[in-house]
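Per-entry structural report
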Amino acid sequence: MTLLLAPMEGLLDATLRDVLTRTGGLDRCVSEFIRVTNTLLPDRVFLRVVPELLQGGRTLAGVPVRPQLLGSDPVCLADNAARLATLGPPGIDLNFGCPAKTVNNSRGGAVLLDEPELVGRIVAAVRRAVPAHVPVSAKMRLGFNDDRVAEDCAQAIAEAGADELVIHARTKAHGYRPPAYWERIAQVREAVPALRRMPVIANGEIWSVADARRCREVTGCDALMIGRGMVSDPGLALAIRGQDGVPWSQIEPLLGLFWDRVSARVERRHRAGRLKQWLNYLRRTYPEAQVAFDQLRLLHDPVLIEAWLAPRRAPASPQPA
């Protein structure tokens, strides 16, 4: 079974990827999207979103990170994918799933699912533009306002030469409201013969081991992509694999690591919010996270938060004599 960490704009960035991949169980990550409009982006833009490219395209725990591009112009996306490929990514992903209104109004993300032919042209152009050894994958929802062309979009992606397809089992109109319509993934796979030559990865509402098992049974997919479930329970990937999860005693020291990474990348006034954002998810799994969230809820000064974290940090490793 293959387990992927989902891209989540504004949450699952390089900082949280670094922390979550340390807990184990994940095979690969996909970055949050890099928006492509009508220009050839400089390397610094790719590196800002995916700093892992500076270390072989992997997190410090060794998990590959596939950068994701978002846009609607096949030529411009192809040119940027070719430039991105020179930085040595372990693959390139294409976003046809973002439900954000600002993105969709700029003809990016899920709105493109109303144009299966354009989706296919984008995938084909990017596939031609990058070396054959660089995998090209795509992530789509079931549709924009409805799922009537889900099969058409999946077929366009597969026939254009994609190596993998992630299907988020909701439309843009569904947003992130439960349930996820896993049965539609099975129907798409059955209806599109071209998908039989490539992995199809199921995504949406996988919060627990039971969810993962049922998703596999309903969709027939051996590969799963996990987002909010992994943010809430960093031991979920291990648990899905039949191993022990991650107790709070191992999560607590990671809060300090997360804070250090946030402090290095985020403006001072936004740092407290990022820590509380993660704790807000963690309290779904850990009662101790609820306690921590309550203690930090009214704190905004990084100095006070650092003082709170100090006794919870992992002890420094002894230095060799």
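Overview of the structure. (Residues numbered from 1 in each chain as written. Predicted model: local features only at pLDDT ≥ 70, side-chain atom pairs only at ≥ 80, totals over all residues. Heavy atoms only, no water.)

Moving on: the pattern of salt bridges. Following the criterion strictly, the structure yields 22 salt bridges and no others. Between E117 and R121 there is a salt bridge, with the nearest N and O atoms lying 2.9 Å from each other. A residue pair is termed a helical-turn pair when its members lie 3 or 4 positions apart in one helix, as E117 and R121 do in helix α5 (residues 116-129) at four residues. E117 gets classed as exposed once you look at its relative accessible area, which sits at 55%. On the basis of relative accessible area, R121 is assigned to the partly exposed category, the value being 41%. Across the pair E151 and R184 runs a salt bridge, and its minimum N-O distance is 2.9 Å. Taken together, the residues E151 in helix α6 (residues 150-159) and R184 in helix α7 (residues 182-191) connect sequence positions 33 residues apart. Each member of the pair, E151 as well as R184, is classed as buried. A network of salt bridges, in which partner residues are shared, links R17, E32 and E52. (Salt bridge = Lys/Arg side-chain N within 4 Å of Asp/Glu carboxyl O. Helix = DSSP H or I, 4+ residues; strand = E, 2+ residues; numbered from the N terminus. Buried < 20%, exposed > 50% of the residue type's maximum accessible area, 1.4 Å probe, protein only.)

Attention shifts here to unusual backbone geometry. Look at the link from P178 to P179: it is a cis peptide, with omega at 5°. With a phi angle near 60°, R107 is a residue other than glycine that sits in the positive phi range. Summarising the element assignment, R107 is placed in the loop between α4 (101-105) and α5. Look at R107 and you get partly exposed, because its relative accessible area is 37%.

It is worth spelling out the environment of I167 at this point. Residue placement: I167 occurs in strand β6 (residues 164-168). On the basis of relative accessible area, I167 is assigned to the buried category, the value being 0%. I167 sits 28 residues away from K139 along the chain, and the two C-alpha atoms are 5.9 Å apart. Not counting chain neighbours up to four residues away, the residues in contact with I167 comprise M140, L142, I185, V188, V200, I201, A202 and N203. (Contact = heavy atoms within 4.5 Å.)

The next thing to look at is helix α11 (residues 248-265). Over its 18 residues, α11 extends 25 Å from the first C-alpha to the last, a length consistent with the 26 Å expected when each residue adds 1.5 Å. For α11, the complete set of buried residues consists of W248, I251, L254, L255, G256, L257, F258, W259 and V262. (Expected span 1.5 Å × (residues − 1).)

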